Amino acid sequence: MTFTRRDVLKFSSIAGGGMAVSLIFQDVDVIGSLLARGQEARADDGSGADFGPFLRILPDNSVEFVLDRVEMGQGTLTSSVTLLCEELDFPPDEVKVLQAPVDSAYNNTLYRSQMTGGSSSIVEGHVKLREAGAEARARLLKAAAEQWKVDVAALDTRDGVVFVKADPSQEATYGALAARAADLSPGRVKLKEWDQHRFIGTEVPRVDRFDKSMGKAVYSIDAAPPGSLVAVLIRPPVPGAVLEGYDESTLQGVTGVQKVVRTPASGVAVIAEKYWQASTAARALAPTVRWKSENAFQKSTSQLLELFHKEAEQEGDSVRSDGNFAKAYRTAEKKILADYELPYLAHATLEPQSATCLYREESRDEPNGLVAEIWSCSQVPDSATSFVADALGVSRDKVLLHNHLLGGGFGRRLRPDYIIEAVEVARAARLAVPIMVQWSREDDMKNDDYRPMAVCRMMGSVDEQGKLSSFFYRCAAQSIMRQFAPGFALNLMPSWIPGGVTRFLGDSMGSLMAGMVAVEGAKDTTYQCANVEVEFREIELPLRVGFWRSVGHSINGFVMESFIDELAHLASADPYQFRRKHLKDDDRRSAVLDRVAQLAGWEQPLPAGVHAGIAVHKSFESYVAQVAHVSVDGSAVKVHKVFCVVDCGRVINPLIVREQMESSIVYGLSALFAGEITFDKGQVVQSNFHDYPVLRMNECPEMIVEIVDSSEEPTGVGEPGLPPLGAAVCNAIFRATGKRVRKLPLSRGLS
Amino acid sequence: MATDIRINGTVKQVDVPSDTPLLWVIREELGLKGTKFGCGMGLCGACTVHLDGAAIRSCITPIAAVGSGEVTTIEGLPQAPVPHEGDGELHPVQAAWIANSVPQCGYCQSGQIMAAASLLKEKPQPTKDEIRAHMSGNICRCGTYQAIERAILQAADRLSPRKEPTP
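Since the structure is predicted, the reported quantities are computational estimates derived from the model, not experimental observations.

Some remarks on the sheet that holds strand 19 (residues 454-462) of chain A
Residues and elements named next belong to chain A.
Phase 1: Taken in spatial order, the 5 strands of this open sheet run 13-21-20-19-14, and their pairing is mixed. Of all the strands in the sheet, just strand 13 (317-322) and strand 14 (334-342) have a single pairing partner and so form its edges. Across this sheet, the average inter-strand angle for adjacent strands is 10°, counted without regard to direction.
Phase 2: Where helix 14 (residues 552-570) meets the sheet, its contacts fall on strand 14, strand 19 and strand 20 (468-477), and the angle it forms with strand 14 comes to roughly 155°.

Details of the packing of aromatic side chains
Residues and elements named next belong to chain A.
Phase 1: For the structure shown, the criterion picks out 19 aromatic pairs over all chains.
Phase 2: Geometrically, the ring pair formed by phenylalanine 471 and phenylalanine 563 is edge-to-face, given 5.9 Å between the ring centres and 65° between the ring planes. Of this pair, phenylalanine 471 sits in strand 20 while phenylalanine 563 sits in helix 14, placing them 92 residues apart in sequence. Take phenylalanine 471 and phenylalanine 563: they sit in the same class, and that class is buried.
Phase 3: Within the aromatic cluster, the residues linked to one another by ring pairs are Phe297, Tyr344, Tyr450 and Phe679.

Topic: the confidence of the model for chain B
Residue and element names in this part refer to chain B.
Phase 1: In this model, chain B carries a mean pLDDT of 92, and residues with pLDDT of at least 70 account for 94%.
Phase 2: Below a pLDDT of 50 lies the segment residues 82-87, which in the model reaches 11 contacts outside its immediate sequence neighbourhood of four places, other chains included.
Phase 3: We note a pTM of 0.94 for the whole complex and an ipTM of 0.96 for its interfaces.

Describing the packing of helix 17 (residues 654-674) of chain A against helix 18 (residues 725-737) of chain A
Residue and element names in this part refer to chain A.
Phase 1: Two elements in contact, helix 17 and helix 18, have axes whose closest approach is 9 Å; the angle formed by their N-to-C orientations is 55°. In terms of their interaxial angle, helix 17 and helix 18 are classed as oblique. As for how helix 17 packs across helix 18, the hand of that crossing is right-handed. In this structure, helix 17 contributes Ile665, Gly668, Leu669 and Leu672 to the contact, and helix 18 contributes Leu725, Gly726, Val729 and Cys730.
Phase 2: Counted by class, the contact of helix 17 with helix 18 contains 6 nonpolar, 2 polar and no charged residues.

Some points on the state of the cysteines
Two cysteines whose sulfur atoms are joined by a covalent bond form what is called a disulfide.
Phase 1: Counting across every chain of the model gives 0 disulfides over all chains.
Phase 2: A:Cys700 takes part in no disulfide bond, and the closest cysteine sulfur to it belongs to B:Cys140, at a distance of 9.4 Å.
Phase 3: Take A:Cys700: its relative accessible area is 14%, and that puts it in the buried class.
Phase 4: Lacking any disulfide linkage, B:Cys39 is separated from the closest cysteine sulfur, that of B:Cys44, by 3.8 Å.

Re the interface of chain A and chain B
Phase 1: Contacts between chain A and chain B engage 65 residues on the former and 57 residues on the latter.
Phase 2: Ranking the residues of chain A by area buried against chain B places A:Trp276, A:Leu350 and A:Met697 at the top, with a combined share of 17%.
Phase 3: For the pair chain A and chain B, the number of links is 3 salt bridges.
Phase 4: Residue B:Glu29 pairs with A:Lys274 through a salt bridge whose shortest N-O separation is 3.1 Å.

Digging into the environment of A:Thr678
Residue and element names in this part refer to chain A.
Phase 1: Its place among the elements puts threonine 678 in the loop between helix 17 and strand 25 (679-680).
Phase 2: On a C-alpha basis, the gap between threonine 678 and serine 302 in space is 9.0 Å, while along the polypeptide they are 376 residues apart.
Phase 3: Leave out the neighbours within four places in its chain, and threonine 678 touches Thr301, Gln683, Val684, Val685 and Gln686.

Here we look at the pattern of salt bridges
Phase 1: Summed over the entire model, instances satisfying the criterion amount to 53 salt bridges over all chains.
Phase 2: Of the charged contacts, one joins B:Lys36 and A:Asp222 as a salt bridge, the two residues approaching to 2.6 Å between their closest N and O atoms. Here the residue B:Lys36 occupies a position in the loop between helix 1 (22-29) and strand 3 (48-51), and A:Asp222 occupies one in the loop between helix 5 (209-213) and strand 8 (229-234), the pair thus bridging two chains.
Phase 3: Accessibility expressed as a relative area gives 2% for B:Lys36, which makes it buried.
Phase 4: Given a relative accessible area of 9%, A:Asp222 falls into the buried group.
Phase 5: Here A:Arg413 ties to A:Glu351 by a salt bridge, and the two come within 3.4 Å at their closest N and O atoms.

Quick notes on empty space enclosed by the protein
All names here are of chain A.
Phase 1: Enumeration over the complete set of coordinates arrives at 10 cavities of 30 Å³ or more.
Phase 2: Approximately 150 Å³ is the volume found for the largest cavity.
Phase 3: Counting residues per element, the lining of the largest cavity draws most heavily on helix 17, which supplies 3 residues.
Phase 4: Tallied by class, the residues present in the lining of the largest cavity amount to 10 nonpolar, 4 polar and 1 charged.
Phase 5: Size it by volume and the second largest cavity reaches roughly 90 Å³.
Phase 6: Around the second largest cavity sit Gly521, Asp524, Thr525, Thr526, Tyr527, Met560, Glu561, Arg589, Val616, His617 and Lys618, which together line it.

Considering the sheet that holds strand 3 (residues 63-67) of chain A
All names here are of chain A.
Phase 1: Taken in spatial order, the 4 strands make up an open sheet running 1-2-3-4, and their pairing is mixed. Unpaired on one side and paired on the other, strand 1 (49-50) and strand 4 (96-99) mark the two borders of the sheet.
Phase 2: In this sheet, strand 2 (residues 55-57) lies alongside strand 1 in antiparallel orientation, the contact comprising 2 bridges. Paired with aspartate 50 across the strands is arginine 56, a residue of strand 2.
Phase 3: On the sheet, helix 2 (residues 76-88) packs against strand 2, strand 3 and strand 4 and is oriented at approximately 135° with respect to strand 3.

The rules we used
- Residues take numbers from 1 onward in each chain, read along the sequence in its written order.
- All chains are assigned letters beginning with A, and all ligands numbers beginning with 1, in the order in which they are written.
- Restriction of local features to residues with pLDDT of at least 70 applies here, the model being predicted, together with a cutoff of 80 or more for giving and counting side-chain atom pairs; totals for whole chains, interfaces and linings are based on all residues.
- Side-chain calculation: all heavy atoms of the structure are included, whereas hydrogens and water are not.
- Each pair of strands is called paired provided DSSP finds at least two bridges between the two strands.
- Each helix is a run of DSSP H or I of at least 4 residues and each strand a run of E of at least 2, with the numbering of both proceeding from the N terminus.
- Throughout, an axis means a line fitted to C-alpha atoms (over the contacting stretch in the case of helices), and angles, computed between N-to-C directions, take values from 0 to 180 degrees.
- When checking whether two residues touch, look at their non-hydrogen atoms; a contact exists if any pair is within 4.5 Å.
- Any pair of Phe, Tyr and Trp rings, taking the six-membered ring for Trp, is counted once the centres come within 6.5 Å. Such a pair is stacked with planes under 30 degrees apart, edge-to-face with planes over 60 apart, and tilted for the rest.
- Think of it in three bands: with a 1.4 Å probe and only protein chains considered, a residue is buried below 20% of the maximum accessible area for its type, exposed above 50%, and partly exposed in between.
- Predictor confidence is given residue by residue as pLDDT, running from a minimum of 0 to a maximum of 100.
- For classification purposes, an angle smaller than 35 degrees is called roughly parallel, one larger than 145 roughly antiparallel, one from 65 to 115 roughly perpendicular, and anything else oblique.
- Helix crossings get a hand from a simple test, with the near helix turned counterclockwise from the far one by less than a right angle marking a left-handed crossing and a clockwise turn marking a right-handed one.
- When residue character is reported, Ala, Val, Leu, Ile, Met, Phe, Trp, Tyr, Cys and Pro are called nonpolar, Asp, Glu, Lys and Arg charged, and the others, Gly included, polar.
- The disulfide criterion used throughout: a pair of cysteine sulfur atoms within 2.5 Å.
- Accessible-area loss on putting two parts together, using a 1.4 Å probe and summing over both, is the definition of buried area adopted here.
- Definition used for salt bridges: Asp or Glu carboxyl oxygen within 4 Å of a side-chain nitrogen of Lys or Arg.
- A cavity, in this analysis, means grid points on a 1 Å lattice covering only the protein atoms where a 1.4 Å probe fits yet has no way out; a pocket is instead an open set bounded by protein on both sides within 12 Å along at least five of seven lines, and a residue lines either one if it has an atom within 4 Å of a point.
- Grid points are joined across faces, edges and corners, and a volume is the space filled by probe spheres set on the points.

This is how it looks when you write it as structure tokens:
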């Protein structure tokens, strides 16, 4: 039995501060997110009426919403439903959410692809989703007006019902009107004013909270169809190692093993009926696998550090050049030069990567048949499809990707390597059943595309008045865009363009865009200074790097806000006041900085041993300032509180904004304390959560988040809470110990 | 090796090597997907289930160690004894999770809920420190820790109403 509106009202609202909660389910089959259960947009069976690509209303008054982005915890599923429901006038918890297929109708127009990332879903979607709701409602009103022979102005709606204002007992459900309404034109619709909202701007609880609290949510790892086999892949131990051979006889008599195959990427896939069988067999086989490593990457982190430091001393590509830094710095009396070291970081999504592929040879009997049907999760379903089609040499319509919930994204699922792998395994195996390639935690830790390591050379000076007189930033790191541009090109180009052309374009894009994300958050600094230089020195290595929550800002937020703190100290100035006097009053950084200082009691004395650090950073068009309260005992750093003020323009859901700030703070703290991926002769050292520790509940500070009341356009919140966090904490450490943290993570020691 | 396993109020027969982790028996032999795989080393807590009402990490518990114990997974949690009328099909911890909109990506939440339920069985009125210590075995990469703590306090309060605020 489905969940009625009456049942919804029985939930205490969070705004209501719910104490005792009385819940009565007739049956736990609640709607609120079919997507959580792995439902995709269904083919039209004729019963529903479509109102554009996002919305279908069925005769029984159920509302189906096709989600164009993916939900990975950042809340876009709930926000999207909320935006639609606001204008449609329908309860968010009752919407059936389905996942969009690969189709350009579901593009994120900012990226001309179906990408979810860059904290952009609301920026791109808030008008179009509201319009979708408003247009549907307008049509429904017209249909009712027509049916009852009244003026539209005489009608109103409430929660899926159209009624006559003067006589509310005269009503019809959306479902009853939908078929006729879908044929009508909406006319020009006017969206509600921001102060007229019922759902937008309130703490709408997450629509997918039911399934996720009952173990019903379906992730990639759960999505393999019945009858699937499971494969564990033995991958090259170092980038560039080539498979020579292995001794399959070790698996003789091992239960459940179906096949062992080589893949084009030099892997060995052990295919079995069940995961544990595959995993056990792979562990037995692994010692017999031989690799040729002559041309492989064999460096260790100590060598990488040497290389990076050397590169950081060399001139890079200039991306900003104001005034004359060299002269100003040379002639300055008070100046600092500081080199910062930040490590490679793993995404460590709690759900390890997986993908299932059913591969069928192209056949003359079934020329329109699918060649690859895939079940997985992806932040770039269309790009993944393009890659697979390209790898198989087939047209894109021969590839079908079923997208699912992500057990964590953080940018990891922007690279479809795990999907391509599964297709390669399935193609090599030639078994007529779906094959799931399941990654272990060790596989995930060692085959990630890491947040790039960086050495940043910072130089700056202050004048007699304590004002910035020169500022220099140079980042030496690998380029993420160089690795991803070819995929963007492939996805953007129509498939009839020859592969060579596409690849050339991709490489060119890579060169043009090489420094693009690397310098974000540094290039656009607004600290007033006449002489500013920002450079990017690209380092080319055969290590996979990728988008890690807040990307370039994850490095530059730390480096910029730590170094500005160093300059404040050089000027014998209060860190908050120093920043503030270098920012214009109308800079939105100023407002969040002022408010966080106030909120955290910056002027007030703190308990003995507790010290405060401050940081402010703009990323993805949102502005965040944080103060951390920290105490240091020897080498043990304890973060007691983090105050966080965020300006993300008009707020769609303050609950989700707060959650994303908390989420970013926890994610950032994990990395700050102990996050590092190191290499030993080319091999990743870390393997699981014992040697790549992440923050746990007992280490979590108290987080106090405040949202600025703003009438600016809505901007994103998935990532902006992360960049200032490291500096806020380390600036507090400096106050506590006199030691400036320039090398991360903290577990390397304070010195 | 054919063996009986008591799970979620029923008895099922499975035929797997005796060293097969309970996690994979649950997921693959019995088709219950609510219990998740996160690390395989008992470090992340995503695989948490109950054995005779107490939380265990099923990824490092071989099926041989289960014996005649009663296994409860997230799917079976609602049927665990529910002290309050009107909870219908939900355990008070789950009800609190929903009321507080705890899950973000949700992948860790089955394990979190199972850990929280076992805590409240052990300690009906846990302090905040006891909550944090008990729950520190469950990693959440989305950082829902503050919301989890709120939900546990609310569930505890519902199960055993307190006169004084929680220390």
